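Secondary and tertiary structure notes
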Amino acid sequence: MDATTCLKSLLLATQQYESDRSAQSAAQLLKQVEELSTPKCVHLLSSGQLLPTECVHGLVELTGNANACPTVAAAILSLLTQLACDDDGRKILHCNFNLTSILALIVHRHSATPGDPLVLQSLQLLQKLTYSTRIFPSAKHVHELIAFLVSNIQSQSDDIIMPCLGLMANLCRSNHAVRSHVKSLEQVKPFYRTLIAFLSHNSLTVVVFTLSILASLTLNEKVGDKLFDAKNIHQTFQLVFNIIVNGDGTLTRKYSVDLLVDLLQNPKIADYLTRYQHLSACVSQVLGLLQLKDGHSAGKVLELLLAMCGVPALRPLLCQALFKPPAPDLRAAGRRQAPPEHKAEPGMALVQWLSSPVGGAEACSLKALQLLKELLEEALGAASVADGTETFVEMLLPVLLDLVKGQGDDAHLRRHCERVTHVNSVLLLMCRKDATLAPLSKQVSAQRCLLQVETLLACCHGDNPVACPPPSADNSLSQVCADALLSTLALMSKLRQRVKDMESGFYRTLQDPRIATPLALALTSHHRARVHAGLALLFEAAPLPDFPSLLLGDSMAANNAYRQREAELSVKRLPVQEVPPPRTNASALEVSGTSSGVHSLVEKLHGGLELQEPAKDAHVSDIIDVYEQKLAAIASEESRLQDLLEAKSAALSQSDRLMAQYHFQRAQAEAESRKLAGLLKEAERRGEELEGRLAAQLEEARRSEADAEELLRHNGRLQLDSEEHQNLKAAYNALLIRLKASERDLTELEATHANLGANNDALRKKHQALQLQHDKTLSLLKEKEEVIKSLRSDLQLKDEDVQALRGDLRAAADKGRETERRGRELEEALDLLRKELNKTEQARKDASIKASSLELQKGQLEVKLKQAEEQLNKHSAMIAMIHSLSSGKKNDVNLSL
């Protein structure tokens, strides 16, 4: 059964179970859910089709229903866990279906029985959904979920502790609102003590989860200073590196990498890591993990290495480990022994991950390019480039140039453009040093760059319908394509003097009208790097005669107008989101009184009244403490309102997405219904046509029977004629064979006669030529003897001239001194000529710019010339037709007409 049939059956079974919750409908629903739980149906949710969305929407609503059968809910949760296997599926389930709140409701509903399998399934699915996702505490049932997690983490059940710790680590990571809520709980101190006790747990996964929670909650507090001080941090580093290198599961390694990345964001802990005595060995072991075949593990390792690049003291260490050439003794040993499991160098393993698919697991290709950019920037920033770096760059260049050859399909076009941008940034880094610029200019061709530019221009200019989102989206597909195009043009600008035909192609591209769209996106962006890139190209393109400045201005004005319109709409929506909860009159009076009292107290303190008369008011410090407490309460209330505002903003955006999804689904359903109605009418029309055709074929069959009888009689007469024809045909064939043999012999004799005549003529001509050559040789011999006699007389004359030249040589020495003086004068004239040559070089550059412009105009004129030739051919044909009609036989033409 195919996927579409399974989805239709599942949707029907869900509707039947919602209308009739009987055992038969439940069994049918379970059967359909089990049939859909196959690896082929895992990525159906990310396909964007209507049918899978409707099925998942019905299953999610059924799971959140309190009257649903536990067996059915467990089966649905298993299916949803399979659908959340990739990042796209997790994002869709969290944003479009609000599955996080529904699972939190299930956990809250069964909080009295935390060991229930349904609760464990919900916690495991929540851990998947909330990884690297911000959850607002003000969302539905999140407060109850956090209370459940804190309560059960302090319990004694090992089955519930691990999923609760993992979920709590996800909620607290990079989420200030959840941290503040957890710290405000009454049982926070016992919770801290329980977490500290878990640090000695026998499960490494529990230890990693605990360290992640403690790092999120206490890193900048007194408890965190004690846990991650200089004495304990080295043990933490050793533990985390051991788990990363020797971890059995991908889950433990993933959370260990996240923990170390979070710790490196603290400058004090980053400084502790630089002084860690086993750092070099740990870095070598981490780099060895790049040889793993698992894309998820390699992606997390690359993420850790990128975080290490953020620490300036660690960058030279990573450069030395990745760019070092293999040792000669290791290479010789490898050639002698040739071990079957010989491990490649870390640099080679990193280059291998560059060629991984752009849509692969964890996007290893893009992370590897970012890491290469960081490390090459460090290596090429030194005064001199190391030999290992030059060797690595020569090995890396062909791989980088192969990455930008093809074009991704619509599904992976964004990642392909991002990869082109990263590759170009690495190549631009190589242009800084002559040692790396020379091999780069040899391997890059102008044709490849122009082909890449043409492809990106097509994407930016709207040839691809998915490449034209609003200009306000900074990560939209059009913006990503524009970044790739601008980086390619920047690379062409760097190489235009070193690569053949690169300069003319670069200036021709800058005069293309389609360049206005990506250039306008860059100049109107609020990212500094994009504006700088756009301005650099604008300075190059502005002096060109055919630069589309008007189109650029229109595009920039349109982008600015769109951004202004978006800002106005957001301002109109802002008051709706920022409405505070209603307050009572007493609370309002208290706040106003507090505010006025605070202002008066501040004025008194600034006026110095308390300092001038300390004896008159002995309770000023108490008053200040009271007001400080009130100010703290107001600040906490403000932070709570800010969290509420963020939650309402998120809820509003989610409701907008749901409304858009509903309208899209409704339009798609109406389109499908209209299509089905059209198909039904077409089927009825075809049925009527087939009925008429059947009656005509029956009548034709009766006629065919009568014709067959007549044909049988006629066939008998034809058989007699056929026998006579066969006899005549045999006699004719015999005569024909004799005629062909005679013609063949005659042709061969004629060819032989012609060849003999040609050979005779050739021999006669050759004899005449040899006779002429013999006569010429005799005459030349006589001339040479006379020349020899004349040369002997000339030799005697030359001897006399030598004597005369010796006298002239002494005169020439005197003239040499005069020549030296003239040489100095010529050097001065040469300096003047060099200045004129520089002026001529500048004129040549202007001429090349004009030549590129003329080439563009030439192409346009050729198109117009072809059109004119086509018109001329049409007119010539018409004139010929008129002449043919008007000349000759006029009476015949009139008669035929």
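In case you missed it, the structure is sitting above this.
A few points on the structure. Just so it is clear, the model here is predicted, and its values are computed rather than measured. (Residues numbered from 1 in each chain as written. Predicted model: local features only at pLDDT ≥ 70, side-chain atom pairs only at ≥ 80, totals over all residues. Heavy atoms only, no water.)

Moving on, we get to helix H30 (residues 528-541). Here H30 contains 14 residues, and its C-alpha end-to-end distance of 20 Å stays within 8% of the 20 Å for a straight helix at 1.5 Å per residue. Every buried residue belonging to H30 is among Arg 530, Val 531, Gly 534, Leu 537, Leu 538 and Ala 541, and all of these are buried. Relative to the axis of H30, the buried residues are bounded by an arc of 135° and lie together on one face. Every exposed residue of H30 that faces more than 90 degrees away from the buried side is listed here: Arg 528, Ala 529 and Phe 539. (Helix = DSSP H or I, 4+ residues; strand = E, 2+ residues; numbered from the N terminus. Expected span 1.5 Å × (residues − 1). Buried < 20%, exposed > 50% of the residue type's maximum accessible area, 1.4 Å probe, protein only. Arc of directions from axis to C-beta.)

Applying the stated rule across the entire model yields zero disulfides. Unpaired in this structure, Cys 309 has its nearest cysteine sulfur neighbour in Cys 319, at a distance of 7.3 Å. The class of Cys 309 is buried, set by a relative accessible area of 3%. Left unpaired, Cys 417 is separated from the closest cysteine sulfur, that of Cys 481, by 3.4 Å. (Disulfide = S-S within 2.5 Å.)

This part is about the layout of surface pockets. What the second largest pocket holds in volume is close to 870 Å³. Lining the second largest pocket are 27 residues; nearest its centre among them are Ser 425, Leu 428, Ser 487, Ala 529 and Ala 533. Within the residue set of the lining of the second largest pocket, elements represented by two or more residues are helix H22 (364-380), helix H24 (413-430), helix H27 (477-495) and H30. Examining the composition of the lining of the second largest pocket, we find that eight residues originate from one element, H30, more than from any other. For the lining of the second largest pocket, the class distribution of residues is ten nonpolar, eight polar and nine charged. (1 Å grid on protein atoms, 1.4 Å probe; cavity = no way out; pocket = protein on both sides within 12 Å on 5 of 7 lines; lining within 4 Å. Points joined across faces, edges and corners; volume = space filled by probe spheres on them. Nonpolar A, V, L, I, M, F, W, Y, C, P; charged D, E, K, R; others polar.)

Right, let's get into the packing of helix H7 (residues 117-129) against helix H9 (residues 158-172). One can describe the packing of H7 onto H9 by two numbers: an axis separation of 9 Å at closest approach and a directional angle of 30°. In terms of orientation, H7 lies roughly parallel with respect to H9. Relative to H9, H7 is oriented so that their crossing is left-handed. Residues Leu 120, Leu 123, Leu 126 and Gln 127 of H7 pack against Asp 159, Ile 160, Pro 163, Cys 164, Gly 166, Leu 167 and Asn 170 of H9. Of the residues that constitute the contact of H7 with H9, the class distribution is seven nonpolar, three polar and one charged. (Axes fitted to C-alpha atoms, helices over the stretch in contact; angles between N-to-C directions. Parallel < 35°, antiparallel > 145°, perpendicular 65-115°, else oblique. Left-handed = near helix turned anticlockwise from the far one by under 90°. Contact = heavy atoms within 4.5 Å.)

Our next topic: the pattern of salt bridges. One pass over the full model with this rule turns up 25 salt bridges. A salt bridge links Asp 258 to Lys 300, with the nearest nitrogen and oxygen atoms 2.8 Å apart. Here the residue Asp 258 occupies a position in helix H15 (residues 250-264), and Lys 300 occupies one in helix H18 (residues 295-309), the gap between them amounting to 42 residues. Residue classification places Lys 300 among the buried residues on the basis of a relative accessible area of 6%. (Salt bridge = Lys/Arg side-chain N within 4 Å of Asp/Glu carboxyl O.)

Three or more residues of helix H25 (residues 434-443) are buried, namely Thr 436, Leu 437, Pro 439, Leu 440 and Ser 441. The secondary structure elements touched by the buried residues of H25 are H22, helix H23 (387-403), H24 and H27.

Another point: the packing of aromatic side chains. Describing an aromatic ring pair means giving the distance of the ring centres and the angle of the ring planes. What the rule picks out here adds up to five aromatic pairs. Taken together, a centroid distance of 5.6 Å and an interplanar angle of 65° make the contact between Tyr 131 and Tyr 255 edge-to-face. Separated by 124 residues along the polypeptide, Tyr 131 in the loop between H7 and helix H8 (142-153) and Tyr 255 in helix H15 bring together distant segments of the chain. A single burial state applies to Tyr 131 and to Tyr 255, both of which are buried. Among the aromatic residues, those joined into a cluster by ring pairs are Tyr 131, Phe 209 and Tyr 255. For Lys 254, the ring lying beneath its charged end belongs to Tyr 131, and the centroid distance is 4.4 Å. (Phe/Tyr/Trp six-rings, centres within 6.5 Å; stacked < 30°, edge-to-face > 60°. Lys NZ or Arg CZ within 6 Å of the ring centre and 35° of its normal.)

A word on the nonpolar core. Where a protein is soluble and globular, its nonpolar side chains tend to be buried together. Counting residues in hydrophobic clusters, the biggest one holds 190 residues, and the most contacted among them are Leu 80, Met 168, Phe 191, Met 308, Leu 400 and Met 430. Per-element tally for this core: the top contributor is H27, with eleven residues. Setting aside residues up to four positions removed in sequence, Leu 80 forms contacts with Val 56, Val 60, Leu 93, Leu 99 and Leu 125. (Core = buried A, V, L, I, M, F, W, Y, C linked by side-chain atoms within 4.5 Å.)

Leaving glycine out, the prevailing phi sign among residues is negative, and the prevailing peptide bond configuration is trans. For Ser 132, which is not glycine, the phi dihedral falls at a positive 60°. Position of Ser 132 among the secondary structure elements: in the loop between H7 and H8. Phi at His 141 is positive, roughly 65°, even though this residue is not glycine. Turning to its location among the elements, His 141 is positioned in the loop between H7 and H8. Residue class for His 141 comes out partly exposed when judged on its relative accessible area of 25%.

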